[in-house]
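A closer look at the structure
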Amino acid sequence: MPRPVTHRDRPLFPRAVRLLLPALAVVILLPLSDVSAQYEGRVYAVTGARLVTGTGPIIESGTIVLRGGLIEALGANISPPADAVLVDGEGLTVYPGFIDAYSQAGLALPDRQEREHAGNIASRLATDHFDPASDDLAAYRQQGLTTALVARSDGVFGGQAVLINLMGGDVPSMTVRAPVVQVMGYEGQGDYPGTLMAVVAWQRQTLIDASYHNLLLTRYSREPRSMARPPADPDLEALIPVAKGEAPVLGIVHLENDFKRLRSLVAEYSLSYWIAGAEEAFRVPDLIEAAGVPILVSLNFPSINQVTGYWFDRAYRNLDEAETEALDERDETAVHSNAAVVYGTGVPFALGTGGMRSVDSFLKNLRTSVEAGLPAGEALKALTVNPASIFGVSDMLGTLEPGKIANLTVTSGDVFTDEEAWIAHVFIDGRKETFEAPKPRATGGGGAVGGEWTVSVSMMGEAAEGDLILDQTGDQVTGELTIAGLTIEFEGSFSGGELNLKGSIPDLGAVTLTATVEGDKMSGSLGLGTTGSAELTGMRKPDAGTGEGRVER
């Protein structure tokens, strides 16, 4: 049998993409059988790989062929076509492309002071502020994420979420489904409603207004000659299906009380709904089970000092160090088991990145969730089959089947259980991106964090710059944060990329600094006792070295 002709794998150049764009204008004039012409020449065959199809038994060694942006064929006995670019899949596992079920990927919103009032922007698509050329999309793809439900999180009725592929030249060609669901959150606005109480009142009144607007439109459609024409209001009109219970609203919740507020609202107005975020789902499993609605669980792990009840459990109790550490361990375990708790309730659920300070932690947090009780097989479903079903795109995404969109996540090792596993390739709409194996980690002490850092601390829209100096010996770290004329001394540990420090401020009490460190970047929070917590980001100063000399080896 003659060997198939192979072609050298090469990236798609921007110029080639631009040359193809005019063809999109006439695609709608072509018969359906000719639509794939826009992808002509993009043919791949991944050979000798382990294929996890999501529809049946795993194919331990097989070939999957991609043509025209779709899956053409797959199986154990598939021969690569002669015009295919061959990708050696030996030792690799091919999954359906991972779906980020709740995300702010690619959103480039104006500064808060320049942003439109987002009390009710229900008619707007999230992709109004989506940047296809955003640098951060590569970070999502490197975590194996090929598609995302992009939703703004900064409004009360914050517009309509859009399901979009995370590689392409423009929003129309990247969009899988638009809109998917109306978004509703609890974030106050610069103008009214600015407080939580006002936000809840605004939600109630806006739903009443949408119902009344629908009443006027209905009456006018029946008797247009007998009443004044109702004024056009696109944002209220977009909420009419929600107010009538005919379309779900995606409630973004974070704290335990957010669940309760949302439950009361939907019961009062007979709304259909989904839940997103849900970082404190572990505190309300009974409410989740009773609701029985889909939950898009963020793998954002809040610092334990941000969790409801943290200060209540510790205030005025004169706990010794061992008792405090036991409570900290309990709370950290609870945070990490959040997705497992949702799985245990039996409701439909999917996983996302929404609210994560750094998407680079997604796979790490995924593995932590599995270690905390979420079965690896269910974690895979929560990234593939489940979100595709919830979003109504099971005929396009979620499994490896001929005719579906050619979105694949290709891994070296088991990314659900092995911290050394990594994403080797992703295919999105049949386009391929390859990633290098991660560099070996520093041994001893879990890496290096020592040195001088420039940090930014922000709280309630206000930010301040400061300096953080860290000294590391093995896992142990001491440090000094100087900001706004105040110096705070810390001590604690750095292990597995996680920095955990404790200090104190006179008249305020205990202060914590927790952060995830990736190379020369850190992101986390500064816990300020009963005052709350502030977001913290940092960059290691380039002339300060890495502090590796202080790591015991």
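For clarity, every value in this text was computed on a predicted model and none was experimentally measured. (Residues numbered from 1 in each chain as written. Predicted model: local features only at pLDDT ≥ 70, side-chain atom pairs only at ≥ 80, totals over all residues. Heavy atoms only, no water.)

In terms of regular secondary structure, the protein is built from 13 helices and 24 strands. Across the 553 residues in the protein, those meeting the buried criterion constitute 49%. Taking contacts inside the protein between residues at least 6 apart in sequence as the whole, the part at least 24 apart equals 62%. Carbon and sulfur atoms make up 52% of the accessible area of the protein, which amounts to about 26200 Å² in all. (Helix = DSSP H or I, 4+ residues; strand = E, 2+ residues; numbered from the N terminus. Buried < 20%, exposed > 50% of the residue type's maximum accessible area, 1.4 Å probe, protein only. Contact = heavy atoms within 4.5 Å. Areas by Shrake-Rupley, 256 points an atom, 1.4 Å probe, with all protein chains shown as cover.)

Okay, the nonpolar core next. Counting residues in each nonpolar core, the largest one holds 72 residues, and the members touching the most others are L166, I275, L351 and F416. Here this core gets 5 residues from one element, more than from any other, and that element is helix α6 (residues 256–269). Counting contributing residues, this core receives three or more from each of domain 1 (41–97 + 398–438) and domain 2 (184–396). In this view, I275 contacts L250, G251, V253, F259, L262, V293, P294, I295 and L296; residues no more than four positions away in its chain are not counted. Listed in part, the 24 residues of the second largest apolar core include W453, V477, F490 and V511. (Core = buried A, V, L, I, M, F, W, Y, C linked by side-chain atoms within 4.5 Å. Domains from an automatic or database assignment.)

Let us look at unusual backbone geometry. Omega for the peptide link from A178 to P179 comes to -10 degrees, which places this bond in the cis form. Examined against the element boundaries, P179 turns out to sit in strand β9 (residues 175–184). Of note, the phi angle at S270 is positive, near 55 degrees, even though the residue is not glycine. Counting through the fold element by element, S270 comes out in the loop between α6 and β11 (273–277). Of note in this structure, N318 is not a glycine but carries a positive phi near 50 degrees. Relative to the elements of secondary structure, N318 occurs in the loop between α8 (310–314) and α9 (321–336). When its relative accessible area of 77% is taken as the criterion, N318 is described as exposed.

The subject of this paragraph is α9. The first and last C-alpha atoms of α9 sit 22 Å apart over 16 residues, in line with the 22 Å expected at 1.5 Å per residue. For α9, the set of buried residues is L327, D328, D331 and V335. One side of α9 carries all its buried residues, which in axial view fall inside an arc of 100 degrees. Exposed side of α9, more than 90 degrees from the buried face: A322 and E329 are the residues found there. Looking at the buried positions of α9, the neighbouring elements they touch are α8, α10 (338–345) and β21 (498–505). Where α9 begins, the side chain of D320 points an oxygen toward the backbone nitrogen of A322, at a separation of 3.2 Å. (Expected span 1.5 Å × (residues − 1). Arc of directions from axis to C-beta. Polar contact = N/O pair within 3.5 Å; in protein donor to acceptor, adjacent residues only side chain to side chain.)

Looking at the protein as a whole, its pLDDT mean stands at 86, while 87% of the residues score no less than 70. Note on residues 441–446: pLDDT under 50 across the span, and 19 contacts to partners over four residues away in sequence or across chains. (pLDDT = per-residue confidence, 0-100.)

The complete set of buried residues in helix α5 (residues 234–243) reads D235, L236, L239, I240, V242 and A243. Within α5, the buried residues cover an arc of 165 degrees as seen down the axis, which keeps them to one side. Residues of α5 that are buried sit in contact with β8 (157–165), β9, α4 (196–222), β10 (249–253) and α6. Immediately beyond the C-terminal end of α5, within one or two residues, lies G245, with a positive phi of roughly 75 degrees.

Another point: the sheet that holds β11. Hydrogen bonds between backbone atoms are what pair the strands of a sheet, whose relative direction is either parallel or antiparallel. Pairing in this open sheet of 8 strands is mixed, and the strands run β6-β7-β8-β9-β10-β11-β12-β13 from one edge to the other. The open sheet is flanked by β6 (98–103) and β13 (349–352), the only strands paired with a single partner. Adjacent strand axes in the sheet meet at a mean angle of 30 degrees, parallel and antiparallel pairs treated alike. Direction of pairing for β9 relative to β10: parallel, over a ladder of 3 bridges. Bridging from a neighbouring strand, Q182 pairs with V249 of β10. Taken strand by strand, α5 contacts β8, β9 and β10, and its axis lies near 80 degrees from that of β9. (Pairing = 2+ DSSP bridges. Axes fitted to C-alpha atoms, helices over the stretch in contact; angles between N-to-C directions.)

In this section: the sheet that holds strand β23 (residues 521–527). Strand order in the closed barrel formed by 8 strands is β17-β18-β19-β20-β21-β22-β23-β24, with antiparallel pairing between adjacent strands. Here the strands of the sheet are splayed against their neighbours by 25 degrees on average, with no regard to which way each runs. Inspection of the sheet shows β21 paired to strand β22 (residues 509–518) by 8 bridges, in the antiparallel sense. Pairing of L499 across the sheet is with A515, part of β22.

This paragraph deals with the packing of aromatic side chains. Throughout the structure, instances matching the rule amount to 8 aromatic pairs. Look at Y95 and F98: their rings are 5.7 Å apart centre to centre, the planes differ by 45 degrees, and that puts the pair in the tilted class. Using a relative accessible area of 5% as the deciding quantity, one classes Y95 as buried. Taken together, a centroid distance of 5.8 Å and an interplanar angle of 75 degrees make the contact between Y95 and F416 edge-to-face. Residue Y95 is found in strand β5 (residues 92–96), and its partner F416 is found in the loop between β14 (408–412) and β15 (422–428); the two are separated by 321 residues along the sequence. Ring pairs connect the aromatic residues Y95, F98 and F416, which therefore count as one cluster. (Phe/Tyr/Trp six-rings, centres within 6.5 Å; stacked < 30°, edge-to-face > 60°.)

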